[in-house]
Amino acid sequence: MSTTEHVHDLGMPAANPIDAAIAASVATQGDKQTELKAKDFKTDQEVRWCPGCGDYVILNAVQSFLPSLGIAREDMVIVSGIGCSSRFPYYMNTYGMHSIHGRAPAIATGLAVSRPDLSVWVVTGDGDSLSIGGNHLIHALRRNVNITILLFNNRIYGLTKGQYSPTSEVGKVTKSTPMGSLDHPFNPVSLAIGAEATFVGRAMDSDRKGLTDVLRQAAEHEGTALVEIYQNCNIFNDGAFDLLKDPTTGTQWSIPLVHGEPLVFGPDGAACVVRDDFGGLRIAETNQVDAADIVVHDAHRQDSSYAYALSRLSSQDLRYTPMGVFRSVQKPTYDRMMSEQLDVAAAEGSADLDSILAGNDTWTVSA
Amino acid sequence: MTATDPAVSAGSSAPGGLVKSVVELDRVVIRLAGDSGDGMQLTGNRFTSETASFGNDLSTLPNFPAEIRAPTGTLPGVSSFQLHFADHDIMTPGDAPDVLVAMNPAALKANLADLPGGGLLILDADEFTARNLAKVGYATNPIEDGSLEGWQTVSVPLTSMTLEALADSGLGKKEAERSKNMFTLGLLSWMYHRPTEGTVRFLERQFRRKPDIAAANIAAFRAGYNYGETTEAFAVSYEIKPAPMAPGKYRNISGNQALSLGLVAAGQRSGLPIFLGAYPITPASDILHELSKHKSFGIRTFQAEDEIAGIASAIGASFGGALGITTTSGPGISLKSEALALAIMTELPLVVIDVQRGGPSTGLPTKTEQSDLLQAMFGRNGEAPLPVVAPRSPGDCFDAAIEATRIALTYRTPVILLSDGYLANGSEPWAVPNSADLPDLTGAVDFATEPNGEDGEFLPYLRDPETLARPWAIPGTAGMQHRIGGLEKADKTGNISYDPENHDFMTRTRQAKIDGIAASIGPTDVDDPDGDATVAVIGWGSTYGPIGAGVRRVRRSGRKVAQIHLRHLNPFPADLGEVLGRYERVVCPEMNLGQLALLLRAKYLVDVQSHTQVRGLPFRAAELAAVIQDVIDSTSGAELAADPTGGGE
Ligand SMILES: Cc1ncc(C[n+]2csc(CCOP(=O)(O)OP(=O)(O)O)c2C)c(N)n1
Ligand code: SF4
Ligand SMILES: [Mg+2]
């Protein structure tokens, strides 16, 4: 080895150990595999959800659609909190962390910020993300860190056996609320939009096509993406979303959101969404309004008032529930901006340890 | 003054024909006290820098209120800065000041009791107005009523002299008045023969964008210096020769600075990118500030939404192969408990800094205490052991940070480093190390890149037989996908396991891993010059200085005592029990109600005598000397004549 190649031998490893480890794994195991099948994402772990739980359906949908993203399994990390839904990472052949109650968005933030090369996902429940972890969720959203959050909303605490949750309707009778719950629920989509989210979508566990479509857009979004997935807990809150699942009532009460399409829904497109007199939105009968007045869905509006107004159309009992992508706008991501600051600092300043150890004011004692 | 044998040298002639004498001292303790708005911390820091560059040994004690601007002129608003400097090696900021500078009646009232009779008292006469006196309950002006007769009181109009010096500066009265701290600094710089160029350069740098303010401060500083030279109020100036120090390059450093630099160095010496997740809290915030300045080293600092997110984000970063760090104080550690246990369960490296302050609850945010030891040891659910280390002096925070990182990386565990408010803000001269001589931590970072199982699978909990550390496989590494989490892990595979035998085994294994760290830390460091002391004093953390100073006094009185100071609180050095067993009596001074004593008694069945104080301030050397003396004398039965409680260090 010629000494000229190593002018700056500071006793440091040649490459960043992270890059070196990844390179070493490629050297021994071959190039990254991005052409994968659903089964490649399965693990040998026995899935422990109750038979019939909506979580199975979501797991299958995710495993089936992931190969289409072309992301190598080792470049994906799924971080979850605590709850039935948060068992998700064990069943995915990716890197994963089943962490502590409510903190997954914060853990994912640290990971995504320090490893922008990864695809980082959060799986969380309505209790996990909106009760104990509410603070982390809103801050992840406002920072716009590049993570994709899947919020499994079954409107109940499943794992702790059926207490009401922050999304349960008022008056919910559970073991902890025998005379009915008193507090008003969050609408997770409204909350996310209020927290400056750049991507917010909603999908139904049983609607493979709709779910996959929203998930794909969320995965492709750069920044924090939140997808609220309505998930049936057949043990403690069975049928919570039947109104939207039933073929008849489903069409009547769901509003499909398709970017660039007029918001017309219901049997024979009998209902539609128009602007109200206060800058919000309201439901109207299609044959009672001028076709030009029907709102054409625009998920890319920078101003979030429209997406927020959309989210307010639905009521607690799920009538008039928009399904699909509410909002998808581009904003610089936190992790990218931080990397840029580091690049600027590296270009402007030196990284000479001896110089910062000495600081500005030194004196020398001679022998 | 407490100087031994003050040598009066030939007088020097000042302009105006005034003959001034120079007295040589071996050490001085100065306390600057004023309103929190008077800039006493800045003045103290400048005097410290001058003193450091002059080559004295020194130790400082800043003491300030938690409020940013407590009501002006009130007792709660008093801020002070004590500096001890000497021509020899010293260990504490001094028990009591020799000189007290009080910028207003409140500062006088709050500090006078600490100034021994005969001490030098310098007052800003301008501030002793009826209104200011009334604010702190002085019925008459102490400058005039004779109540200060027991001290050498010099009352000078510092404010009006500053205004006069800045008459042509173009600054308004309010603005000009703010330079009175620099006038005072100038006067003190003359009194103690301090070099002045550093302060001039500092002021120029500090007020780069406000040249008129820079000029005014420099003018006030010079006016104060000249005033000393020409006034009759001060007939004597003092010389404190540089202290002999090992040859080398030195700087003055505070504990928080040293800790931050230690972390930067740990990142560089391990080759890992640093990720710091932190939520602001006194007295730890300065570490976040300092690391945020060093982005050019690839350091990512993340101001989280709370302490939980601070540690959680650091855990996420560690999972990704960064050196995850979180910094906080006691209340923040409380919030981090659950996440700490997650890091213990997932066996990821993590450095957790607790700069302790007075507790419980919000407690005394700006005051020092050592009361988080048991929280660090046990403040989690389940059997959740983790290593705990503590620095002993401001400069030692550097080495402690590197040691904490070494343990975290080698053993794949969270480590708690317990600093405290006194170390954080206090400062001392520090021999600047050469980066190439620092520990090489690259060996502790061996990311797993190949399956380790017999069937070609990756076993995330298959341990290193020596350290019991598990492999660290980071996302992005093909073929190593695995899932970790807070649920109990099956041995080797890391799969979820509720098996009773496995839980028992894993619980014991996690404990054994932490206990095993003792093999890497060397034997107990005992300072027992003749090796025949029967009494040992044992301490940890920032009490090192006061205990050491107390021990010196005791030894000067002819008594024998051993000093043991622990860097590692968990695990203890392997031979500690045997070492303690050698002594008839063991005394343990702590700034809590006996937390280390409790651990030592429990672990070694040694009858440790706990001596405690929780005043928010470091121990006084004299007090500790008296305690140690009592124990020695009651042990040997022999009364020695000399009283160890007086005198210098
Ligand atoms: C600190 C802490 N508090 C409480 C719990 C108990 N706990 C576990 S899951 C859960 C609620 C989960 O509800 P949700 O997030 O809706 O998940 P689901 O089970 O419905 O999928 C609670 C309260 C816990 N594990 N940790
Ligand atoms: S309790 Fe409900 S959410 Fe949990 S696994 Fe069973 S069905 Fe699913
Ligand atoms: Mg739930």
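None of the values given here were measured: they were computed from a predicted structure. (Residues numbered from 1 in each chain as written. Chains lettered and ligands numbered in written order. Predicted model: local features only at pLDDT ≥ 70, side-chain atom pairs only at ≥ 80, totals over all residues. Heavy atoms only, no water.)

### A short note on the overall build of chain A
The helix and strand tally for chain A stands at 12 helices and 12 strands. For chain A, the spread of C-alpha atoms along the principal axes amounts to about 90 × 50 × 45 Å. Of all 367 residues assigned to chain A, the portion counted as buried reaches 53%. Pairs at least 24 residues apart make up 66% of the contacts formed inside chain A by residues separated by at least 6 positions. Total accessible area computed for chain A in this model is approximately 16,200 Å², and 52% of it derives from carbon and sulfur atoms. Computed over 28 positive and 43 negative side-chain charges, the separation of the two mean positions in chain A equals 7 Å. (Helix = DSSP H or I, 4+ residues; strand = E, 2+ residues; numbered from the N terminus. Buried < 20%, exposed > 50% of the residue type's maximum accessible area, 1.4 Å probe, protein only. Contact = heavy atoms within 4.5 Å. Areas by Shrake-Rupley, 256 points an atom, 1.4 Å probe, with all protein chains shown as cover. Lys, Arg positive; Asp, Glu negative; His and termini not counted. Charge placed at Lys NZ, Arg CZ, Asp CG, Glu CD.)

### Section: the environment of A:Val189
Residue and element names in this part refer to chain A. By secondary structure assignment, the location of valine 189 is in helix 6 (residues 188-194). Assessed through its relative accessible area of 0%, valine 189 is described here as buried. For valine 189 and glutamate 340, which are 151 residues apart along the polypeptide, the C-alpha to C-alpha distance reads 31 Å. If we ignore the near neighbours within four places in the chain, the residues touching valine 189 are Val200, Gly201, Arg202, Glu228, Ser311 and Phe326.

### A word on the environment of B:Ser53
Structurally, B:Ser53 can be placed in helix 1 (residues 40-54). In this structure, the C-alpha to C-alpha distance between B:Ser53 and B:Arg251, residues 198 residues apart in sequence, is 7.6 Å. Those residues within four positions of B:Ser53 in sequence are excluded, and the remaining contacts are A:Trp363 and B:Pro195.

### Focus: the packing of helix 7 (residues 197-206) of chain B against helix 8 (residues 211-230) of chain B
Residue and element names in this part refer to chain B. Contact geometry for helix 7 and helix 8: axes closest at 8 Å, N-to-C directions at 160°. On the basis of their axis angle, the class for helix 7 and helix 8 is roughly antiparallel. The two elements helix 7 and helix 8 cross, and the hand of that crossing is right-handed. Taking contact as the criterion, the partners of Thr199, Val200, Leu203 and Glu204 in helix 7 are, on helix 8, Ala214, Asn217, Ile218, Phe221 and Arg222. (Axes fitted to C-alpha atoms, helices over the stretch in contact; angles between N-to-C directions. Parallel < 35°, antiparallel > 145°, perpendicular 65-115°, else oblique. Left-handed = near helix turned anticlockwise from the far one by under 90°.)

### Quick notes on empty space enclosed by the protein
Residues and elements named next belong to chain B. Here the structure, examined in full by the defined rule, presents three cavities of 30 Å³ or more. Of the volumes computed, that of the largest cavity is approximately 100 Å³. Among the elements of the structure, strand 4 (57-63) and helix 15 (421-425) are those that each provide at least two residues to the lining of the largest cavity. Residues of the lining of the largest cavity, tallied by class, amount to six nonpolar, seven polar and one charged. A volume near 40 Å³ is recorded for the second largest cavity. Lining the second largest cavity, in full, are Ala343, Ile344, Glu347, Pro385, Arg412, Thr413, Pro414, Arg510, Lys513 and Ile514. If you list the elements that add at least two residues to the lining of the second largest cavity, you get helix 12 (330-346) and helix 16 (500-515). (1 Å grid on protein atoms, 1.4 Å probe; cavity = no way out; pocket = protein on both sides within 12 Å on 5 of 7 lines; lining within 4 Å. Points joined across faces, edges and corners; volume = space filled by probe spheres on them. Nonpolar A, V, L, I, M, F, W, Y, C, P; charged D, E, K, R; others polar.)

### Focus on the nonpolar core
Residue and element names in this part refer to chain B. Membership of the largest hydrophobic core comes to 162 residues, with the highest contact counts inside it found for Ile538 and Leu596. Per element, the largest residue contribution to this core is 10 residues, and it comes from helix 14 (residues 396-411). Residues contacting leucine 596, with those up to four places away along its chain left out, are Leu373, Ile538, Gly539, Trp540, Leu566, Leu569, Phe572, Cys588 and Glu590. In terms of nonpolar packing, the next biggest core, distinct from the first, is built from 50 residues, Val23, Met103, Leu120 and Val154 among them. (Core = buried A, V, L, I, M, F, W, Y, C linked by side-chain atoms within 4.5 Å.)

### A word on the sheet that holds strand 21 (residues 562-566) of chain B
All names here are of chain B. Pairing in this open sheet of five strands is mixed, and the strands run 19-21-20-23-24 from one edge to the other. In this open sheet, the two edge strands, each paired with only one partner strand, are strand 19 (526-527) and strand 24 (608-612). Bridge count for strand 23 (residues 585-590) against strand 24 is five bridges, and the pairing is parallel. Following the sheet pairing, proline 589 is matched in strand 24 by histidine 611. Helix-sheet contacts for helix 17 (residues 544-556) involve strand 19, strand 20 (535-540), strand 21 and strand 23, and the interaxial angle to strand 21 is about 170°. (Pairing = 2+ DSSP bridges.)

### Some words on the interface of chain A and chain B
If you look at the interface, chain A gives 72 residues, while chain B gives 85 residues. Summing both partners gives a buried area of about 6,400 Å² for chain A against chain B, and 63% of it is carried by carbon and sulfur. When the buried surface of chain A facing chain B is broken down by residue, A:Tyr95, A:Leu357 and A:Trp363 rank first, second and third, together holding 14% of it. For the interface between chain A and chain B, the tally reads one salt bridge. A:Arg143 is paired through a salt bridge with B:Glu305; the nearest N and O atoms lie 2.7 Å apart. Where chain A touches chain B, the interface holds 27 residue pairs in polar contact (both at pLDDT 80 or more). For the side of chain A that touches chain B, the secondary structure elements donating two or more residues are helix 1 (17-29), strand 2 (95-98), helix 3 (104-114), helix 5 (134-143), helix 11 (334-348), helix 12 (353-358) and strand 12 (362-365) of chain A. Of all the elements, helix 1 of chain A adds the most residues to the side of chain A that touches chain B, at eight residues. (Buried area = accessible area lost by both parts, 1.4 Å probe. Salt bridge = Lys/Arg side-chain N within 4 Å of Asp/Glu carboxyl O. Polar contact = N/O pair within 3.5 Å; in protein donor to acceptor, adjacent residues only side chain to side chain.)

### A short note on the packing of helix 3 of chain A against helix 11 (residues 307-319) of chain B
Direction vectors running N to C along helix 3 of chain A and helix 11 of chain B enclose 45°, while the axes themselves pass 6 Å from each other. As summarised for this structure, helix 3 of chain A and helix 11 of chain B are arranged oblique, according to the angle between their axes. In this structure, the crossing between helix 3 of chain A and helix 11 of chain B has a hand that is right-handed. Here A:Ala106, A:Ile107, A:Gly110, A:Leu111 and A:Ser114 of helix 3 of chain A come into contact with helix 11 of chain B, specifically with B:Ala309, B:Ala312, B:Ser313, B:Gly316, B:Ala317 and B:Phe319. Among the residues making up the contact of helix 3 of chain A with helix 11 of chain B, the classes are represented as seven nonpolar, four polar and no charged.

### So, helix 9 (residues 255-270) of chain B
Its 16 residues give helix 9 of chain B an end-to-end C-alpha distance of 22 Å, which sits within 8% of 22 Å, the value for a rise of 1.5 Å per residue. Helix 9 of chain B sits mainly inside the fold: 15 of its 16 residues count as buried. (Expected span 1.5 Å × (residues − 1).)

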